[in-house]
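# Geometric and topological summary
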Amino acid sequence: MSDRLKRVRFATLAMVTLAAPGSAMAQGIDDKYWVELGGYLPKVDSQVRVATAAGPNLATTIDLEADLDLDSRELLPQVNAGVRLGDGGWSLDAEYYALRREATASIRREIVFDDATYPVGVSVRSNFDSSIYRATVGYAFVRSPNTRIGAAIGLHATDFEVGLSGEARLGELTTQAVARRRTFLAPLPTVGVFVRQQILADVTVSARADYLSLKIDDYSGRLLNAQASVVWQFARNLGLGAMYRHVDYRVDVEKERWNGRLKYRFSGPALFVRVGFP
């Protein structure tokens with residue numbers, strides 16, 4: 001065999017070898033199953049007001065970061081998993097992330113929380129915990145080898161717990177140690193749109209937005225969840241991703257036990273590892 005023919009065969013083999021991983025990785029946009037594990041580092045802005053049903057206008061709107069010194073930056077673990085159904089048009093997607101914060105602060109203004117009044121200067125220990133669950137059913141009405149565009153309906157449920165403890169007055173009673181804690185689950189349905197575009201054999205960009213504003217029973221709320229991400233699929237079933245997410249959430253509660261409002265905003269980057277199987 002001539003040297004020239006050997007070189008041609010070697011070059012052809014090298015091209016096939018290099019192309020094969022790209023062909024495998026290109027299937028990322030068509031993964032049937034996937035799981036993403038990562039960390040979300042947002043700036044958090046949260047407010048809460050908790051009143052008694054008898055005095056709904058007496059409670060203080062508390063800025064949890066400014067008034068109680070809760071951290072405004074917090075690393076949140078997040079998990080996302082999904083499955084594509086049938087020919088790839090329908091998909092199910094579920095996500096979970098959680099926020100856990102606590103602090104002790106000497107408060108700089110009087111705070112009324114539930115039926116307790118915490119005077120200026122007392123030391124108040126506080127906590128704010130939330131677990132966020134999101135599940136959606138989506139349909140891609142535009143499908144090409146490199147593009148998916150569709151709409152989704154879903155449920156965004158948040159399980160909250162907020163608590164304060166310290167020296168406080170109860171009505172006309174003298175100051176004493178008082179602890180107050182409130183929990184509730186706020187489920188809000190959502191509608192949204194999504195787009196996913198494979199820009200290179202191993203790079204995919206995507207974006208989605210979910211929104212709704214309505215009243216359900218004892219709750220009324222507004223939710224905006226918007227995010228954009230890029231994933232580099234460096235191996236057949238593995239990818240590295242970066243995302244920016246903005247969440248703006250407000251829920252009003254009108255129950256006999258208590259009356260109040262909670263607002264929070266998350267905005268920041270996330271990094272994650274994606275495992276997918278076509």
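Residues numbered from 1 in each chain as written. Predicted model: local features only at pLDDT ≥ 70, side-chain atom pairs only at ≥ 80, totals over all residues. Heavy atoms only, no water.

### What to know about the environment of Q233
With respect to the helices and strands, Q233 occurs in the loop between β12 (219-232) and β13 (238-254). Separated by 40 residues in sequence, Q233 and V273 place their C-alpha atoms 9.7 Å apart. Of note is the side chain of Q233, whose polar atom sits 2.7 Å from the backbone oxygen of R236. (Helix = DSSP H or I, 4+ residues; strand = E, 2+ residues; numbered from the N terminus. Polar contact = N/O pair within 3.5 Å; in protein donor to acceptor, adjacent residues only side chain to side chain.)

### Some thoughts on the nonpolar core
Membership of the largest hydrophobic core comes to 42 residues, with the highest contact counts inside it found for Y118, F128, F160, Y249, Y264 and F266. If near-sequence neighbours (up to four positions away) are discounted, F128 is found in contact with L64, L70, L99, R100, R101, F160, E161, V162, L262 and Y264. (Core = buried A, V, L, I, M, F, W, Y, C linked by side-chain atoms within 4.5 Å. Buried < 20%, exposed > 50% of the residue type's maximum accessible area, 1.4 Å probe, protein only. Contact = heavy atoms within 4.5 Å.)

### So, unusual backbone geometry
Negative phi is the rule for most residues except glycine; trans is the rule for most peptide bonds. If you check the backbone angles, D69 has positive phi at about 60° while not being a glycine. Within the fold, D69 resides in the loop between β3 (62-63) and β4 (76-85). At D114, a position not held by glycine, the phi torsion is positive, near 60°. Tracing the chain through its elements places D114 in the loop between β6 (111-113) and β7 (116-118).

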